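# Fold and geometry: a report
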Amino acid sequence: MKKKFTPDFNTALDIAEKYELNDNADKLGAALAEIPDFKVTAPVVGGFSTGKSSLINAVIGETLLSTNITPETAVPTEITYGDDTVTLVTSSGAESFIPLSEFDSKQLAAEKYSVVRIRSSNAFFAQIPSIKLVDMPGFDSGIDVHNKAIDNYLPASLAYILTVSADEGTLRASIISFLNELKLYNLPVYTVITKANKAVPEVIEQLKAHIAETVRRFLKINDPKVTVTTAKGKVDVDGFKDFLMELQSNSDDIFNSHFAQKLDSACGEIEKYLTECCKNADLTLDDLKLQKEQAERAFMEIGKKFDEEKQRFDDQVERCISVIKSKIASDLNASVSTIEGYILQNQETAIKEKINSIIRTAYTLGIQTELEPRVKKYITNVENAIQVGVHAGKVEIPEEDLRNDTEIKNTLINVTQTAAPAIGAAIGTLIAPGLGTAIGLALGTLATLFINLGFNTKQKAQKEQLAKQQAQQIINSAAEEAGNKVAAVIYQYKDKINESLNDEIKKERELREKSLTDCEEKLALETEERERRNAELKSDIEVIRGIRNGI
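Residues numbered from 1 in each chain as written. Predicted model: local features only at pLDDT ≥ 70, side-chain atom pairs only at ≥ 80, totals over all residues. Heavy atoms only, no water.

## Details of the overall build of the protein chain
- Within the protein chain, the secondary structure is distributed over 16 helices and nine strands.
- Burial analysis of the protein chain (551 residues in total) assigns 48% to the buried set.
- Sequence-distant contacts in the protein chain: of pairs separated by 6 or more residues, those separated by 24 or more amount to 81%.
- Per element, the accessible surface of the protein chain, about 26300 Å² overall, is 49% carbon and sulfur. (Helix = DSSP H or I, 4+ residues; strand = E, 2+ residues; numbered from the N terminus. Buried < 20%, exposed > 50% of the residue type's maximum accessible area, 1.4 Å probe, protein only. Contact = heavy atoms within 4.5 Å. Areas by Shrake-Rupley, 256 points an atom, 1.4 Å probe, with all protein chains shown as cover.)

Printed below as a string of structure tokens:
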């Protein structure tokens, strides 16, 4: 497979460099560098304490990864088949190397290390040499470096393994939000229910069906892959091993799809440039001047249309924020009696978890139902405006020649790669630290009052009234803080989308201007040289088209 792609990448790279298409040359060069050591990167993701490390240890057959880590000591750990060495990468990018026998994951600190790379000669990993398994920090840790690590792996990974503990009973809201982003990528996703010994078989079967339906609904997968394990004590991880063996058997297809998309994308841009040059090859200097003026007017119109669409999207974003804020406030207010009960029982952790869960769920649902459809429509409108604009002054374009669904999807993926971290990093950290302090102070104040009031029936009613007041104050504070954070995160997300679309318009403009400028320079050459160059252009177009047709 590697030998199949390398010549085509090299050919396309030579043509890109010949015509000084530097952006495409950089992308092709980066893909070529990736080919020799290609692995199917498969992160194991889930909440903290869902048994991710125990699961991997059970597959390996030894305690390679610590299962007693805290959020502060959790670092993404990549495991591949290899020579029993470990590479430690610090947050500044510095690398150090140690034998696997000296590795102790308990000594790591999330703030100091960005990733650990383990190469193990383990017998099972010898059967999956094309797989890079990644033990990820847990979702909802509240630690920024974890959120960034998770977001960084989203565009780089080619398969995902979701873990959910049997005692959780469902996928967390943050995992559901993650699934909502994953559906754009059309990647293999497997789900592993861990700690099955913590529930009776009937409950496990119900949970398995529930998880499968949730994944099917969000990822539009007809037959979701879900298995059940009890990793503790090296018991029953055969289902998980089967997933990894299936990934290994599909690794050639995954490799082919991954690099075919990269090659086709780069060749598409090169072909567009070369075709434009051929169209302009027989123009006179006056014709080229007219073409430049038309192109300038066309891109002014594209800019105007972009500004109009951007303003329309800005207005829709404001409405989305308002709806999400209202949903958060409404759902929080519906939980007053629950929070009141936790206050009476002095359960500070339970209060935080309940409020965070309500906010995350409302936020995730709002992103899916309110924001995401508008983002897709916005990107589609801008993409079509670009296509119409670059054909301005020529024959009318039939509808099928506009950007099709696949091209729109690719743009959405590119936008997600830059914008998703703004959304993802906020999941699990929507409540500001100040609210936790407020809850602690409220409980401390109430504890003092409760002691002073005593324990008779009349005073019990007073305690409940005080608890109700404090619950409402906590909820009001949570709604305000979460609303402000939601607005800030969505504004950041919107800015990233606008930046990505603006870059795409700029790229289209530069491509058009370069083709016209190059044609002007070519006109200065002798007729014989022009004819030679034109023949070379047509030949290179055929080469690029041949590559694309063969992908």
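There is more to say, and it comes next.
## Overview of the nonpolar core
- Core analysis: the largest hydrophobic core is formed by 101 residues, its most contacted members being F9, L28, F103, I118, L133, I161 and L274.
- It is helix α9 (residues 251-279) that provides the largest number of residues to this core, a total of eleven residues.
- Every residue in contact with I118, bar those within four places of it in the chain, is listed here: L64, L65, T77, E78, I79, T80, T85, V86, L100 and F103.
- Y363, I386, A487 and V489 belong to the second-largest nonpolar core, a separate cluster that totals 40 residues. (Core = buried A, V, L, I, M, F, W, Y, C linked by side-chain atoms within 4.5 Å.)

## Side note on the sheet that holds strand β1 (residues 40-45)
- What the nine strands build is an open sheet, ordered β4-β3-β5-β2-β6-β1-β7-β8-β9; its pairing is mixed. Two strands lie at the open edges of the sheet, namely β4 (95-99) and β9 (225-228), each paired on one side alone. Adjacent strand axes in the sheet meet at a mean angle of 20° when their direction is disregarded.
- In this structure, strand β3 (residues 85-90) lies alongside β4, joined through five bridges in antiparallel fashion. Considered in β4, the bridge of T87 is made with F97. (Pairing = 2+ DSSP bridges. Axes fitted to C-alpha atoms, helices over the stretch in contact; angles between N-to-C directions.)

## Some remarks on the side chain of D518
- Tracing the sequence through the fold places D518 in helix α15 (residues 457-523).
- Under the relative-accessibility criterion, D518 is labelled buried at 19%.

## Brief notes about the pattern of salt bridges
- Under the definition given, this model contains 28 salt bridges.
- Across the pair R216 and E213 runs a salt bridge, and its minimum N-O distance is 2.6 Å. With R216 and E213 both in helix α7 (residues 201-219) and three residues apart, the pair spans about one turn of that helix.
- Taking relative accessible area as the criterion, R216 reaches 33% and is therefore assigned partly exposed. (Salt bridge = Lys/Arg side-chain N within 4 Å of Asp/Glu carboxyl O.)

## Side note on the packing of helix α1 (residues 2-18) against helix α2 (residues 22-34)
- Direction vectors running N to C along α1 and α2 enclose 155°, while the axes themselves pass 9 Å from each other. What the angle tells us is that α1 and α2 run roughly antiparallel. You can see that α1 and α2 cross each other, and the crossing is left-handed. Of the residues in α2, those touching α1 at T6, F9, N10, A12, L13, A16 and E17 are N24, A25, L28, G29, A31 and L32. (Parallel < 35°, antiparallel > 145°, perpendicular 65-115°, else oblique. Left-handed = near helix turned anticlockwise from the far one by under 90°.)

## Considerations on the environment of F255
- Assignment of secondary structure puts F255 in helix α9.
- Among the residues examined, F255 registers a relative accessible area of 3% and is labelled buried.
- For the pair formed by F255 and S130, sequence separation is 125 residues and the distance between their alpha carbons is 9.8 Å.
- Not counting the four nearest positions on each side in its chain, F255 is found in contact with M1, K2, F5, I35 and F38.

## Some remarks on the pairing of strand β2 (residues 77-81)
- Of all five residues in β2, four are buried, a share of seventy percent or more.
- Pairing geometry for β2 and strand β5 (residues 113-120), over five bridges, is parallel. Paired with I79 across the two strands is I118, which belongs to β5.
- The pairing of β2 with strand β6 (residues 131-135) spans three bridges and is classified as antiparallel. Considered in β6, the bridge of T77 is made with D135.

## Here's the deal with helix α8 (residues 238-249)
- Taking 1.5 Å as the rise per residue, α8 with twelve residues should run 16 Å; its terminal C-alpha atoms sit 16 Å apart, in good agreement.
- For α8, the set of buried residues is G239, F240, F243, L244, L247 and Q248. (Expected span 1.5 Å × (residues − 1).)

## Focus on the packing of aromatic side chains
- This structure, assessed with the given rule, holds eleven aromatic pairs.
- Aromatic rings pair up to connect F5, F9, F38, F255 and F259 into one cluster.
- Positioned above the aromatic ring of F124 is the side chain of K241, whose terminal nitrogen or guanidinium carbon lies 5.3 Å from the ring centre. (Phe/Tyr/Trp six-rings, centres within 6.5 Å; stacked < 30°, edge-to-face > 60°. Lys NZ or Arg CZ within 6 Å of the ring centre and 35° of its normal.)

## Thoughts on the packing of α1 against α9
- Between α1 and α9, the least distance of the axes is 11 Å, while the angle of their chain directions is 20°. With respect to their mutual orientation, α1 and α9 come out roughly parallel. Our pair here, α1 against α9, has a crossing hand that is left-handed. Facing K2, K4, F5, D8, F9, A12, I15 and A16 of α1, the residues of α9 in contact are F255, N256, F259, A260, K262, L263, C267, I270 and L274.
- Classifying every residue of the contact of α1 with α9 by side-chain character gives twelve nonpolar, one polar and four charged. (Nonpolar A, V, L, I, M, F, W, Y, C, P; charged D, E, K, R; others polar.)

## A word on the side chain of N534
- With respect to the helices and strands, the residue N534 is situated in helix α16 (residues 527-550).
- When near neighbours in sequence (up to four residues on either side) are disregarded, N534 contacts A281, D282 and K522.

## Observations concerning unusual backbone geometry
- Even without glycine at this site, D84 takes up a positive phi of about 60°.
- Here D84 shows up in the loop between β2 and β3.
- By relative accessible area, which is 30% here, D84 ends up partly exposed.
- Phi is positive for K195, which is not a glycine, with a value near 55°.
- Relative to the helices and strands, K195 resides in the loop between β8 (189-194) and α7.

## What to know about the confidence of the model for the protein chain
- Confidence in the prediction of the protein chain, expressed as mean pLDDT, is 80, and 80% of residues score 70 or more.
- The low-confidence segment residues 393-403, where pLDDT is below 50, has 19 contacts with residues more than four positions distant or belonging to other chains.
- Ignoring residues within four places in sequence, the model shows residues 420-428, a span with pLDDT below 50, making 32 contacts including any to other chains. (pLDDT = per-residue confidence, 0-100.)

## Quick notes on the environment of Q469
- If you trace the backbone, Q469 turns up in helix α15.
- A residue is classified by how much of its surface remains accessible, and Q469, at 40% relative accessible area, is partly exposed.

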